Amino acid sequence: QVQLVESGGGLVQAGGSLRLSCAASGRTFSSYYMGWFRQAPGKEREFVAHISWSGPYTYYVDSVKGRFTISRDNAKNTVYLQMNSLKPEDTAVYYCAAKVSAAKVSDPNEYDAWGQGTQVTVSS
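Residues numbered from 1 in each chain as written. Predicted model: local features only at pLDDT ≥ 70, side-chain atom pairs only at ≥ 80, totals over all residues. Heavy atoms only, no water.

### Side note on the state of the cysteines
Phase 1 of the analysis: This structure, assessed with the given rule, holds one disulfide.
Phase 2 of the analysis: Across the disulfide from Cys22 sits Cys96; the S-S distance is 1.9 Å. On the sign convention where negative means left-handed, the S-S torsion of about 50 degrees between Cys22 and Cys96 marks this disulfide as right-handed. Of this pair, Cys22 sits in strand E3 (residues 18–25) while Cys96 sits in strand E9 (residues 92–99), and the two are 74 residues apart along the sequence. Assigned by exposure class, Cys22 and Cys96 land together as buried. (Disulfide = S-S within 2.5 Å. Helix = DSSP H or I, 4+ residues; strand = E, 2+ residues; numbered from the N terminus. Buried < 20%, exposed > 50% of the residue type's maximum accessible area, 1.4 Å probe, protein only.)

### Looking at the pairing of strand E1 (residues 3–7)
Phase 1 of the analysis: On E1, burial follows the alternation: Leu4 and Glu6 on one face are buried, whereas Gln3, Val5 and Ser7 on the facing-out side are not.
Phase 2 of the analysis: Bridge count for E1 against E3 is five bridges, and the pairing is antiparallel. Looking at the pairing, Ser7 lines up with Ser21 of E3. (Pairing = 2+ DSSP bridges.)

Structure, rendered in structure tokens:
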């Protein structure tokens, strides 16, 4: 099973940018569909973005469309989340996750492996 480690979180002012990375171990990374989720204090884990195993298909929650971009580099076993025009409401712990099925990409229960999370804080 793939193991995931996120990095790149931090404190940024509203309007700023961050790029999160998720490094995966395992030789079968390219066969996994990858997603990013986030969880703010007192809230449920929320789907953010998804990318297919080969990269051409992406899907975003409406609140981040046009601001966030998910991408992957299978040669480096890494998936990225570029976050621009950040808002205070984007503050959360961000998690990457991997799944083998293409179905229900926004359902966290469908994912097979999770990273430990990285904190993103956006100040106003």
